[in-house]
Structures are given as C-alpha cells and as structure tokens.
Amino acid sequence: MSQSTVITVAGDEPYDITVGRGILPLVGEALPPGARRVLVVHPPTLAAAAADLREQLTASGDRQVLLAEIPDAEQGKRVEVAAFCWQVMGQADFTRTDAVVGFGGGAVTDLAGFVAATWLRGVAVVQVPTTVLGMVDAAVGGKTGINTAEGKNLVGAFWPPRAVICDLDLLDSLTDNERVAGFAEVVKAGFIWYPEILDLIEADPVAAVDPHSDAFRRCIELAIEMKARVVGEDLREAGLREVLNYGHTLGHAIEHAERYRWRHGAAVSVGMVFAAELSRLAGRLSDAAAQRHRDILELLGLPTTYRAGAWNQLLATMQRDKKTRGSMLRFIVLDDIGKPTVLQAPDESLLFAAYQEVGE
C-alpha cells in the first residue's frame, strides 16, 4: 500500500476521501461495523475484480457479500436497474445496518448511491470509483441519481457516502480515451477553482494524463480537494455548489441528444467552451481566457465543437434541465479564470450567438 492522501469532506455527515495505490483493503474498514450484508454494484467489465473484492470483504467470515452486475455507462442509470438492485436486497433481507458498495465509474456510483439512499430510506454506501470521472466528480459529494427519457439525473437524492476509496491502481486498465474523457472534469476544476491544474496541463499534457506521473496525481488530488471544499459547504446545491455545473448545462443536453453515446467528459468539454464563449459575449471574460479553454481541451484531444444544426433541440433539453428555475435558464459563467458566477435568464439571442462559436 503506497502513501495515501486523505481529503475530508466537512458538513453534517463528514467523511474521508482516500487517494493512493493498493488501498482496496480500506473498503472493508470503511463499512459500518454492523453490516452483515453488503451489495457490491459493478459493471460487466469489472466482474472479475468485483469477485476479488467480494473475497476480500468476506475474509472475516461474518459478512454476506452479494454482487449486482449492471449495464455499463448510462444504460445502468435506469429505474429498472435500480429495481433489480432493490430486488436483490429484498430477497437477501437487507436491513438498515447493511451497506452498498459502488464499484465502477461515475454511472455506477450514481446508481449505487441512489439505491442506498432509497432502500429503507437510507443505508450506508461506500464508493470505490474506478475511473477518473468517478474519482474527481461522481463519487464525491453525495449526489445520486438516475436518468429518465426526458433527461439526465432528473430523479435522485442527496446521500453522502460513508467513505470514498480512490485506488489509482484501478485506473491502469483504462484506455487512453477513457482517461482523457474523464479528465474533462479535472480541467473544469482548473477553470473554476485551481488554475494550477491548467498550468500543469500546459506544461506537459502527456504527463498530466499519465496515471503514474506526479503531475497526474497532483491534478486528481486538486480536483478532489476542490469538490470536497465546495460540497462540504453546500451539500444540497443551495448556493456555492452550483459552480460545479460549469459546462454541464449544454453538456447534459449534448449527452441526451446523442442518446448517451458520447462520454460525459467529451460533452462537458464542448459545454465548457460554450460557457466560456457565453462569458465572453456577456462581457465578463477576456478573449484570451476564452481561447485558453479551446487550447487546453484540444491539447488533451477533447472535442470543442458540436453540430451547428442541433441548437433548437439542445435549447429545448436545457429548458428541462434540473438547474433551471421555473422557465428561467441559469448558467455558470466566469468573470475570470478561477472566478465562477451565475448568469441568470440570458437572452436567447446571446445563447444562440455563443453556440455559433462551438457549432460546426
């Protein structure tokens, strides 16, 4: 087990996020002492690793560990999948002292958290993210949710995990494309909070996404620290937490338009360029800062454009987004790098003009 970094999320129910290598044994320690039944939710690609985790968790001999294999990516975030997990838990007589482990990417931890939040009105969940996106975003903060035909994450609950275990060894099996797509959320943290992340990417974009480099670990830990600080102050998105939606309003609309065939990070990448252009056209952000978005994202090989003719469809989806207040659209924009703010009810002509900067 390598030296670990522990980042604490404050609030009414504080918990620790542990980052390191070879730290999966910490999962058992993080479970509630009284948990006699544990459901490990995982995607098909992690079936063997989940079986190994089950062996580890049952080594003490006093736990029953069940595996729930769910569809990969956004296909797993459906009410039918949640119902399958509830069925497994019901048939095994899960009680309020038992627990759920989310073992997978962001979609898995979202679904596992939602299942835990709704079973018997709430049982403990330990999140073990296995992707960059999961580690820096989805598994941290207590937001859980599933998708509907109308949009992403429209059904969910706030349910903080008991602990988050980020074992960097789990990233070694990811493809370069998977790591880079997840890195879009790291870039977001750089634009809204820690510009050091942007400096590290510009200095050496290859090292920044190499999971064995010091630069990569530093970027990951900064992104986690940013989210921990934000959600520690504002669990339920009453104020500060809104800044985490930078790039997500258009990003979620793109995911919906693509029937979730696009990776979340790729859609958010385009969404950030749109948000930067919206900031610039609203007179808040300099031309250079807006261009820096394109330059950094393209250095990493992330997309910065989308179909020009899709605007009407995207606008309609954004108007149903959970971040909307009544019929009033809200966007997180930048006054400068590291200075996010809210732009409320922008004129549709301004939105259209900003989209022309990303349309192709």
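Residues numbered from 1 in each chain as written. Predicted model: local features only at pLDDT ≥ 70, side-chain atom pairs only at ≥ 80, totals over all residues. Heavy atoms only, no water.

> How would you sum up the sheet that holds strand β5 (residues 99-104)? Please name residues and give values.
Taken in spatial order, the seven strands line up as β1-β2-β9-β6-β5-β3-β4 in an open sheet, and their pairing is mixed. Edge positions in the sheet fall to β1 (5-9) and β4 (64-69), since each of these pairs with one other strand and no more. Taking the axes of each pair of neighbouring strands and ignoring which way they run, one obtains an average angle of 15 degrees across the sheet. Here five bridges tie β1 to strand β2 (residues 15-20), and the two strands are oriented antiparallel to one another. In the strand pairing of β2, T5 is matched with V19. (Pairing = 2+ DSSP bridges. Helix = DSSP H or I, 4+ residues; strand = E, 2+ residues; numbered from the N terminus. Axes fitted to C-alpha atoms, helices over the stretch in contact; angles between N-to-C directions.)

> Let's hear about helix α13 (residues 311-318): which residues, and what values?
Considered for burial, the residues of α13 that qualify are W311, L314, L315, T317 and M318. Down the axis of α13, the buried side of the element spans an arc of 165 degrees, and every buried residue falls inside it. (Buried < 20%, exposed > 50% of the residue type's maximum accessible area, 1.4 Å probe, protein only. Arc of directions from axis to C-beta.)

> Before we move on, could you go through the pattern of salt bridges and cite the residues and values that matter?
Pairing of side chains with opposite charge becomes possible as their charged atoms draw close. Scanning the entire structure with this criterion turns up 22 salt bridges. Between R263 and E178 there is a salt bridge, with the nearest N and O atoms lying 3.6 Å from each other. On the criterion of sequence distance, the pair formed by R263 in the loop between α10 (248-257) and α11 (264-281) and E178 in helix α6 (residues 176-192) is long-range, its members being 85 residues apart. By relative accessible area, which is 27% here, E178 ends up partly exposed. The partner of D335 in a salt bridge is R284, and the shortest N-O contact between them spans 3.2 Å. (Salt bridge = Lys/Arg side-chain N within 4 Å of Asp/Glu carboxyl O.)

> Residue-level account of the packing of aromatic side chains, with values.
Scanning the entire structure with this criterion turns up seven aromatic pairs. Ring centres 6.5 Å apart and planes at 65 degrees place the aromatic pair W311 and F352 in the edge-to-face group. Taken together, the positions of W311 in helix α13 and F352 in helix α14 (residues 348-356) put the pair 41 residues apart, joining distant regions of the chain. Look at W311 and you get buried, because its relative accessible area is 6%. Chaining the aromatic ring pairs together yields one cluster made of F274, W311, F331, F352 and Y355. (Phe/Tyr/Trp six-rings, centres within 6.5 Å; stacked < 30°, edge-to-face > 60°.)

> Describe the side chain of H42, listing the residues and the values that go with them.
On the secondary structure map, H42 appears in strand β3 (residues 37-42). For H42, the contacting residues outside a window of four places in its chain are A47, A50, L67, A68, E69, I70, F103 and V108. (Contact = heavy atoms within 4.5 Å.)

> Describe in detail the nonpolar core, supporting the description with residues and values.
Counting residues in each nonpolar core, the largest one holds 79 residues, and the members touching the most others are I17, F183, V187 and F274. If you tally residues by element for this core, the top one is helix α9 (residues 214-233), at ten residues. Apart from the residues within four sequence positions on either side, I17 is in contact with T5, V6, I7, V9, V140, V164, C166, I224 and A228. L24, V27, A35 and A163 belong to the second-largest nonpolar core, a separate cluster that totals 23 residues. (Core = buried A, V, L, I, M, F, W, Y, C linked by side-chain atoms within 4.5 Å.)

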